[in-house]
Amino acid sequence: MVSGKAAIYKHQLQMANPKFMVLDEKHADADKYFSGGVYPATARLSSRQIKSILLPLLDRLDDLIEEFYDESFLRGT
C-alpha cells in the first residue's frame, strides 16, 4: 500500500515523499497502521488523530445512513 502526492517530474510521473507498507496476511488491518490521507488538521489535532476518530465511523457508515434507493433501482430493473 502506498500513499503520497503524485506529480510530473522530467516528463515522468513520480510520488514525492511516498509512504508505503508491504501487505501480507499479518497486516489484514493495514489501513489502521498506515498514515493514509492527510486531513486538514488544527493546532490541537494531528492528521493521525483525525484518522483514528474517523475510521470507526467509516466502518459503521452503512449502519448509520439509511438507503434511499428502492430495491428495484439497486437491482437495475
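Treat the numbers as computed from the prediction; the structure is a model and nothing was measured. (Residues numbered from 1 in each chain as written. Predicted model: local features only at pLDDT ≥ 70, side-chain atom pairs only at ≥ 80, totals over all residues. Heavy atoms only, no water.)

For the structure shown, the criterion picks out 2 aromatic pairs. Arranged with centres 4.6 Å apart and planes meeting at 40°, the rings of Phe-68 and Tyr-69 form a pair that is tilted. Residue classification places Phe-68 among the exposed residues on the basis of a relative accessible area of 67%. Residue classification places Tyr-69 among the partly exposed positions, given a relative accessible area of 40%. Measuring from ring centre to ring centre gives 4.3 Å for Tyr-69 and Phe-73, while their planes differ by 20°; the resulting arrangement is stacked. For Phe-73, a relative accessible area of 52% puts it in the exposed group. Members of the aromatic cluster, connected to one another through ring pairs, are Phe-68, Tyr-69 and Phe-73. (Phe/Tyr/Trp six-rings, centres within 6.5 Å; stacked < 30°, edge-to-face > 60°. Buried < 20%, exposed > 50% of the residue type's maximum accessible area, 1.4 Å probe, protein only.)

Note: most residues except glycine have negative phi, and most peptide bonds are trans. Phi at His-11 takes a positive value of approximately 65°, unusual for a residue other than glycine. Within the secondary structure layout, His-11 lies in the loop between β1 (2–9) and β2 (12–20). At Asn-17, a position not held by glycine, the phi torsion is positive, near 50°. (Helix = DSSP H or I, 4+ residues; strand = E, 2+ residues; numbered from the N terminus.)

Let us now look at a negative patch on the surface. On the surface, Asp-62, Asp-63, Glu-67, Asp-70 and Glu-71 cluster together into a negatively charged patch. Counting through the fold element by element, Asp-62 comes out in helix α3 (residues 61–64). (Patch = residues over 30% accessible without salt bridge, like charges linked within 9 Å, V, L, I, M, F, W, Y side chains within 5 Å. Areas by Shrake-Rupley, 256 points an atom, 1.4 Å probe, with all protein chains shown as cover. Salt bridge = Lys/Arg side-chain N within 4 Å of Asp/Glu carboxyl O. Lys, Arg positive; Asp, Glu negative; His and termini not counted. Charge placed at Lys NZ, Arg CZ, Asp CG, Glu CD.)

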